[in-house]
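Residue-level structural notes
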Amino acid sequence: MQISLFKALLLFISFGKCYAAIPWTLIGCDEYKFRGADIDTIWANANQMVTNAQKQIDLIPGNRITLMTTSGASIAGANAAFMFNIPWDAKTGTNSAGKATMGTVDDVYTNVGQAMAKTLKGTAIDPNTGQLVFDLTRDEAFLFCEGGGLTRGDFPGNIFGGPVWYAKVENAGQTEYVAPQYATGSLQQPCTEKAEDYIGKTFISKHIIQRPGHADVISDVTGVILCPNRQTNPDALPALSPNFVPGPDRNVNAYISAPGILIHEMVHVVGRSRGQTWGDVAYAFTNCLNMAKTDQNTALQNPDNYRLFAEVSQSPKTEWLAPQIQGTTTPPAQPAGAARRARR
């Protein structure tokens, strides 16, 4: 999918930077839209949000002797304290340990940007081939927009022994078949399964390349599927422009966005590049905040903490306000120096 000149100009005006065509192979994305935003807009906004999150990290002061002088630093530090449990004081900032923690967070956002640019490489070497186990500069990566680009059935060279969900791609004289492994046994189209309520998923796909006169080439490749149209939240946003102004509902959980979902999934990709499974231990503000307070190491590998930090960093006018946990009378624990309705 190519970005038209007019659309590129709009993206430049809206997000401050024009992004080239998406380097991942797109499946079912040509006519795809989520509440008016196409995949180019969602992708460009996610890139901008990653860059902005890193700028916010840079604002966090690390010298507790020096009093903070900007509200931007205070906002960024409070956000970091909520999502990653850094030591934080509203007047003097964080300490060296807090800066080190946010350096780790910054590295993950850098890797997210590399994953989106398809330049991310792992470090583990396959002893049998001498090559990197994970290398997006070498391997294909597929982005599925909902499940509309997938067909259930059989195809030449099918290794699964029966009908599966797959996509067919014609590419430079060769035919490629891509089958998301998580959906091979399902009768329901991906993104519509009643037993699984997900709005995005990262997975391994079987990739089968066929060329006349050659044996099939079969490999495992990275796949991401976005399903934001499954959102039941009427306030879910197709994009978050810089300095967006929220509505009257100050519940931070209402600001989930399609670009934020994409960032969440790319954090899963980062985990895979490091030979690890970064699972979804917690979702949404209250759960992610409480997890960060009790298990910082897990928060640093939990994709939704990165989504939330990137989303709330887009606007200085939202507030950290989330529903109280059902059945409790005590609000979630807060970082030192930050009120529950910490204005951002």
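What you are looking at is a predicted structure, and each value in this text was computed from that prediction instead of being measured.

1. Brief notes about the state of the cysteines
If you walk through the whole model with that rule in mind, you get two disulfides. A sulfur-sulfur distance of 2.0 Å marks the disulfide that ties Cys29 to Cys145. Because the sign of the S-S torsion sets the handedness, a value of about 95 degrees for the bond joining Cys29 and Cys145 places this disulfide among the right-handed ones. Highlighted residues: Cys29 in the loop between β1 (25–27) and β2 (33–34) and Cys145 in strand β4 (residues 141–145), separated in sequence by 116 residues. There is no split in this pair, since Cys29 and Cys145 are both buried. Covalent S-S linkage joins Cys191 and Cys227, the inter-sulfur distance amounting to 1.8 Å.

2. Observations concerning helix α5 (residues 258–273)
If you check α5, its first and last C-alpha atoms are 23 Å apart, about what 16 residues at 1.5 Å a residue would give, namely 22 Å. Where α5 begins, one side-chain oxygen reaches toward the backbone nitrogen of Gly260, 3.0 Å away; that side chain belongs to Ser257. After α5 finishes, the residue Gly275 shows a positive phi value of roughly 75 degrees.

3. With respect to the sheet that holds β4
With mixed pairing, the seven strands of this open sheet are ordered in space as β1-β4-β9-β8-β7-β6-β5. Only two strands of the sheet have a single neighbouring strand rather than two, namely β1 and β5 (151–153). Strand-to-strand, the axes of this sheet are offset by a mean angle of 35 degrees, without reference to chain direction. Pairing geometry for strand β7 (residues 174–180) and strand β8 (residues 200–210), over six bridges, is antiparallel. Note on β8: the bridge partner recorded for Val178 is His207. Most of the contacts of α5 go to β8, to which it runs at about 65 degrees, and overall it touches β4, β8 and β9 (217–226).

4. Section: the packing of aromatic side chains
Here the structure, examined in full by the defined rule, presents twelve aromatic pairs. Considering the side-chain rings of Tyr109 and Tyr306, the 5.4 Å spacing of their centres and the 75 degrees angle between planes classify their relative orientation as edge-to-face. One end of the pair, Tyr109, is in helix α4 (residues 96–117); the other, Tyr306, is in helix α8 (residues 303–312), and 197 residues separate them in sequence. For the pair Tyr109 and Tyr306, a shared accessibility class is recorded, and that class is buried. One aromatic cluster is present, built from ring pairs that chain together Phe84, Tyr109, Tyr306 and Phe309. Residue placement shows Lys201 over the ring face of Tyr198; its charged tip is 4.6 Å from the ring centre.

5. Let's talk about the packing of helix α2 (residues 39–59) against α4
Between two packed helices, both the angle of their axes relative to each other and the distance between the axes serve to describe the pair. At their nearest, the axes of α2 and α4 sit 10 Å apart, and the two run at 160 degrees to each other. Classified by the interaxial angle, the pair formed by α2 and α4 is roughly antiparallel. The chirality of how α2 crosses α4 is left-handed. Between α2 and α4, the contacting residues are Trp43, Ala46, Asn47, Val50, Ala53, Gln54 and Ile57 on the first element and Lys99, Met102, Val105, Asp106, Tyr109, Thr110, Val112, Gly113 and Met116 on the second. For the contact of α2 with α4, the per-class residue count stands at ten nonpolar, four polar and two charged.

6. Remarks on the nonpolar core
In summary, soluble globular proteins display a tendency toward joint burial of nonpolar side chains. Within the largest apolar cluster, 67 residues are counted, with the highest numbers of intra-cluster contacts made by Trp24, Met83, Met102, Tyr109, Met266, Val269 and Phe309. Within the residue set of this core, elements represented by two or more residues are α2, α3 (71–84), α4, β4, β9, α5, α6 (285–294) and α8.

7. Details of the confidence of the model for the protein
Summarising the model, the protein shows a mean pLDDT of 85, and 81% of its residues fall at 70 or more. Counted against residues more than four places away or in other chains, residues 1–20, with its pLDDT under 50, gives 36 contacts. In the model, residues 324–344 has pLDDT below 50 throughout and makes 50 contacts with residues more than four positions away in sequence or in other chains.

8. Notes on α3
With 14 residues, α3 should cover 20 Å at 1.5 Å per step; its first-to-last C-alpha distance of 20 Å lies within 8% of that length. Burial analysis of α3 places eleven of its 14 residues in the buried class, which makes it a mostly covered element. When we look at burial in α3, the residues that qualify are Ala73, Ile75, Ala76, Gly77, Ala78, Asn79, Ala80, Ala81, Phe82, Met83 and Phe84. Residues of α3 that are buried make contact with α2, α4, α6, α7 (296–299) and α8.

What counts, and at which threshold
- Residues numbered from 1 in each chain as written.
- Predicted model: local features only at pLDDT ≥ 70, side-chain atom pairs only at ≥ 80, totals over all residues.
- Heavy atoms only, no water.
- Disulfide = S-S within 2.5 Å.
- Helix = DSSP H or I, 4+ residues; strand = E, 2+ residues; numbered from the N terminus.
- Buried < 20%, exposed > 50% of the residue type's maximum accessible area, 1.4 Å probe, protein only.
- Expected span 1.5 Å × (residues − 1).
- Polar contact = N/O pair within 3.5 Å; in protein donor to acceptor, adjacent residues only side chain to side chain.
- Pairing = 2+ DSSP bridges.
- Axes fitted to C-alpha atoms, helices over the stretch in contact; angles between N-to-C directions.
- Contact = heavy atoms within 4.5 Å.
- Phe/Tyr/Trp six-rings, centres within 6.5 Å; stacked < 30°, edge-to-face > 60°.
- Lys NZ or Arg CZ within 6 Å of the ring centre and 35° of its normal.
- Parallel < 35°, antiparallel > 145°, perpendicular 65-115°, else oblique.
- Left-handed = near helix turned anticlockwise from the far one by under 90°.
- Nonpolar A, V, L, I, M, F, W, Y, C, P; charged D, E, K, R; others polar.
- Core = buried A, V, L, I, M, F, W, Y, C linked by side-chain atoms within 4.5 Å.
- pLDDT = per-residue confidence, 0-100.

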